[in-house]
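So you can see what is in the structure, the chains are spelled out below.
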Amino acid sequence: MDSSTWSPLGTSASTTAAPLEPHERIRNAADISVIVIYFLVVMAVGLWAMFSTNRGTVGGFFLAGRSMVWWPIGASLFASNIGSGHFVGLAGTGAASGIATGAFEWIALVMVVVLGWIFVPIYIKAGVVTMPEYLRKRFGGKRIQIYLSVLSLLLYIFTKISADIFSGALFINLAMGLDIYLAIFILLAITALYTITGGLAAVIYTDTLQTFIMLVGSFILTGFAFHEVGGYDAFMEKYMKAIPTLISYGNTTVKETCYTPRADSFHIFRDPLSGDLPWPGLIFGLSILALWYWCTDQVIVQRCLSAKNMSHVKAGCVLCGYMKLLPMFLMVMPGMLSRILYPDKIACVVPSECEKYCGTTVGCSNIAYPTLVVELMPNGLRGLMLSVMMASLMSSLTSIFNSASTLFTMDIYTKMRKRASEKELMIAGRLFILLLIAISIAWVPLVQSAQSGQLFDYIQSITSYLGPPIAAVFLVAVFWKRVTEPGAFWGLILGFLIGVSRMVTEFAYGTGSCMEPSNCPTIICGVHYLYFAIILFVITLITITVISLLTRPIPEVHLYRLCWSLRNSKEERIDLDAEEEDIREAPKEAIEIDTEAPEKEKGCFRRAYDLFCGLDQKGPKMTKEEEEAMKVKLTDTSEQPLWRTVVNINGIILLAVAVFCYAYFA
């Protein structure tokens, strides 16, 4: 895989007399200085957040001390959702099949409202830091919590981390001609550095900066691309004619359907049987995946839990919703424009040609966006766009690393070591991030060839095999108080087994491409992944319902403020996990007596290390009353009437906008 064999654009491709290798274009003062300045600014913001917020406590490192206001939350939600996987994946699928993937993004407009108005109030009232912790309070027992933590970590590795790393590396490889694995290594080193040291506050502030840069950069690029093609009408007309020149090799001629754009490219809702994104799947199947992603996913919910109060949560959600309108215009359409401008590269069908351009035989739609950046942007701006890609990559990776280490330390590590001190937890979380990185890199080669080279389809299909059971469990946990622990647990296990069996068969047979379809049995792989998500969701729901009705209900005293019907009850809740809490609380007194002894003078290395990891910051000691008051503040969901009305009106407007967008492009 050295860069000479993997140089994505062969010299023959370019039309100019003396074509530049793409990575030589970036070697000019303007681009390089922009990139350097950019990284310095990010580091500065990260360091500022690191030293000005408290990350010496678990609450500070993982929840930014519950002090965030609405605009960084909205920006951070958007930035941790849009990784470079989106730039590469959405644009690639757009180039291959038209605007329907944009609808994947628009479902979020509805889901952020569900998140901010229904789910977050319940999580806050329950007083939880992680999602598995909510399920433990709701159902009792440890098995659901541990199972969900492990499953979430697997999903992070398979979908988010590896896809993002792959797409970021694709970019660096195109732009700088570095070997793809070296590129991955450099990226991760920088990212891990400020996640491991900074905690959630650093992540949220750098996200806000990066969202801004991301939007500005991609607006400029979209403008350039439309200008190049000749406006929107020309775009619609030319896209339909964007086909590669080489359509035969040896003595085989490629089927016409493989290289001509789809007839329904400009429709969101497509034929339920023959469409590549059938409309019932898009409405129902996608809602299930979005429910899992937006309402029960650690990365997203953790952003909301760090808000000052409920109004800030809702305002942040609405802001994020409006931003989610943009990917259609800033990512999907530029992908299609890229196909118009470089049909031979982006729409290649001959395996040897594809291999020459982007290193995989199944198709090169993934390089649609990177090619556009490297070819179209003037010096300086090209550097900015690369920084944007790095930004989106790093912001979604930092978010995932922070959330994954939260899951691991709070849900898995504390089970193995009941009496771990706060310091030990912080160190365990940081070491775990390093382990995550190693596993993710190992997974990258599989991502490259999956789902006929369309990254976004790969992400969505894995999600459809593993996500629906989780969505089902959270949905019933919140809305139906009769559901019991055995019901939820066996529902999850059955759903997981069905999903994994489909995932494994699909990877074993390979997803194939239009040229060489895979020979996976139709009964297994013939069901579209969005339909599969619906089937899986329904099976899980039925299992949960049947088993719950056969087992003994959970007494209401354990459920106050944990489900929707009891959300406003004022009674004291007896947590189902109360006994465990006592074991964990006990050793506090013992520790405090020890720490009163005079501390030994630390060596200067040790002091630097403590400062770096925020271990020298002790949280203020609290009396019993203060701790109670703190608990009340952390579980308070009251809002001022004026602001409540303002955010509610905005929420309704957002839903109306979502409906309009779907109707307009349907």
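Residues numbered from 1 in each chain as written. Predicted model: local features only at pLDDT ≥ 70, side-chain atom pairs only at ≥ 80, totals over all residues. Heavy atoms only, no water.

Attention now moves to the overall build of the protein chain. Looking only at helices and strands, one finds 30 helices and two strands in the protein chain. A buried classification covers 58% of the 666 residues belonging to the protein chain. Long-range pairs, those at least 24 residues apart, make up 83% of the contacts in the protein chain with a sequence separation of at least 6. When the accessible surface of the protein chain is totalled, it reaches about 26400 Å², and 67% of it is carbon and sulfur. (Helix = DSSP H or I, 4+ residues; strand = E, 2+ residues; numbered from the N terminus. Buried < 20%, exposed > 50% of the residue type's maximum accessible area, 1.4 Å probe, protein only. Contact = heavy atoms within 4.5 Å. Areas by Shrake-Rupley, 256 points an atom, 1.4 Å probe, with all protein chains shown as cover.)

For the rest of this paragraph, the subject is helix α22 (residues 468-479). In this model α22 runs 16 Å from its N-terminal to its C-terminal C-alpha over twelve residues, within 8% of the 16 Å that 1.5 Å per residue would give. Among the twelve residues in α22, ten count as buried, and that is most of the element. Residues Pro-468, Pro-469, Ile-470, Ala-471, Ala-472, Val-473, Phe-474, Val-476, Ala-477 and Val-478 constitute the buried set of α22. (Expected span 1.5 Å × (residues − 1).)

Further remarks concern the pattern of salt bridges. Across all of its chains, the model carries ten salt bridges by this definition. Residue Asp-264 pairs with Arg-270 through a salt bridge whose shortest N-O separation is 3.8 Å. The two residues Asp-264 and Arg-270 agree in class, both being buried. Its salt-bridge partner being Arg-417, residue Glu-424 comes within 2.6 Å of it at the nearest N-O pair. On the basis of relative accessibility, which here comes to 43%, the residue Arg-417 falls in the partly exposed class. Salt bridges here are not isolated pairs; linked through shared partners, they connect Arg-262, Asp-264 and Arg-270. (Salt bridge = Lys/Arg side-chain N within 4 Å of Asp/Glu carboxyl O.)

Now for the nonpolar core. Nonpolar side chains in soluble globular proteins tend to end up buried together. By size, the foremost hydrophobic cluster in this structure holds 184 residues, and its most contacted members are Tyr-134 and Trp-294. Dropping the residues within four chain positions of it, Trp-294 is found in contact with Asn-81, Ala-108, Met-111, Val-112, Leu-115, Ile-300, Val-301, Cys-320 and Lys-324. Membership of the second largest hydrophobic core comes to five residues, among which are Val-254, Cys-258, Tyr-259 and Val-349. (Core = buried A, V, L, I, M, F, W, Y, C linked by side-chain atoms within 4.5 Å.)

It is worth spelling out helix α18 (residues 368-376) at this point. Where burial is concerned, most of α18 is hidden: eight out of the nine residues are buried. If you check which residues of α18 are buried, you get Ala-368, Tyr-369, Pro-370, Thr-371, Leu-372, Val-373, Val-374 and Leu-376.

Our next topic: the confidence of the model for the protein chain. When pLDDT is averaged along the protein chain, the result is 78, and 82% of the positions lie at 70 or above. Here helix α27 (residues 588-595) stands out as the element of the protein chain with the lowest mean pLDDT, 39, in contrast to helix α25 (residues 529-550), whose mean of 94 is the highest. Throughout residues 1-18 the model reports pLDDT below 50, and contacts reaching past four residues in sequence, or to other chains, amount to 36 contacts. Low pLDDT (under 50) marks residues 583-599, which in the prediction has nine contacts with non-local residues, meaning those over four places away or in another chain. (pLDDT = per-residue confidence, 0-100.)

Here the focus is the state of the cysteines. One pass over the full model with this rule turns up one disulfide. Disulfide pairing places Cys-348 opposite Cys-354 at an S-S distance of 2.1 Å. Negative torsions about the S-S bond denote left-handed disulfides, and the value of about 120° found for Cys-348 with Cys-354 makes this one right-handed. Take Cys-348 and Cys-354: they sit in the same class, and that class is buried. (Disulfide = S-S within 2.5 Å.)

Tracing the backbone through its elements, the reader meets Val-527 in the loop between α24 (522-525) and α25. It is 9.8 Å that separates the C-alpha atoms of Val-527 and Leu-273, two residues lying 254 residues apart in sequence. Among all residues touching Val-527, those that are not within four sequence positions of it are Arg-502, Thr-522, Phe-532 and Ile-535.

Tracing the backbone through its elements, the reader meets Thr-540 in helix α25. We classify Thr-540 as buried; its relative accessible area is 1%. With residues near it in sequence (within four places) discarded, Thr-540 still touches Pro-469, Ala-472, Gly-491, Leu-492 and Gly-495.

Before going further, it helps to spend a moment on the packing of helix α15 (residues 327-341) against α18. Running from N to C, α15 and α18 cross one another at 70°; their axes reach a closest spacing of 8 Å. The angle between α15 and α18 places the two elements in the roughly perpendicular class. Where α15 crosses over α18, the two elements pack in a sense that is left-handed. Facing α15, whose interface residues are Leu-330, Met-331, Pro-334, Gly-335, Ser-338 and Leu-341, α18 presents Ala-368, Tyr-369, Leu-372 and Leu-376. Looking at side-chain class alone, the contact of α15 with α18 contains eight nonpolar, two polar and no charged residues. (Axes fitted to C-alpha atoms, helices over the stretch in contact; angles between N-to-C directions. Parallel < 35°, antiparallel > 145°, perpendicular 65-115°, else oblique. Left-handed = near helix turned anticlockwise from the far one by under 90°. Nonpolar A, V, L, I, M, F, W, Y, C, P; charged D, E, K, R; others polar.)

Examined against the element boundaries, Lys-314 turns out to sit in helix α14 (residues 310-323). Setting aside residues no more than four positions away along its own chain, Lys-314 makes contact with Gly-116, Trp-117, Glu-639, Val-647 and Asn-648.

Evaluated as defined, the whole model comprises 23 aromatic pairs. When the ring of Phe-87 is compared with that of Tyr-369, the centres are 5.0 Å apart and the planes differ by 55°; the resulting orientation is tilted. On the criterion of sequence distance, the pair formed by Phe-87 in helix α5 (residues 84-97) and Tyr-369 in helix α18 is long-range, its members being 282 residues apart. The class for Tyr-369 is buried, based on a relative accessible area of 0%. Taking 5.9 Å as the distance between ring centres and 25° as the angle between the ring planes, the aromatic pair formed by Phe-660 and Tyr-664 counts as stacked. Of this pair, Phe-660 and Tyr-664 both sit in helix α30 (residues 641-665), four residues apart, which is roughly one turn of the helix. The pair formed by Phe-660 and Tyr-664 is uniform in burial state, with each residue classed as exposed. (Phe/Tyr/Trp six-rings, centres within 6.5 Å; stacked < 30°, edge-to-face > 60°.)

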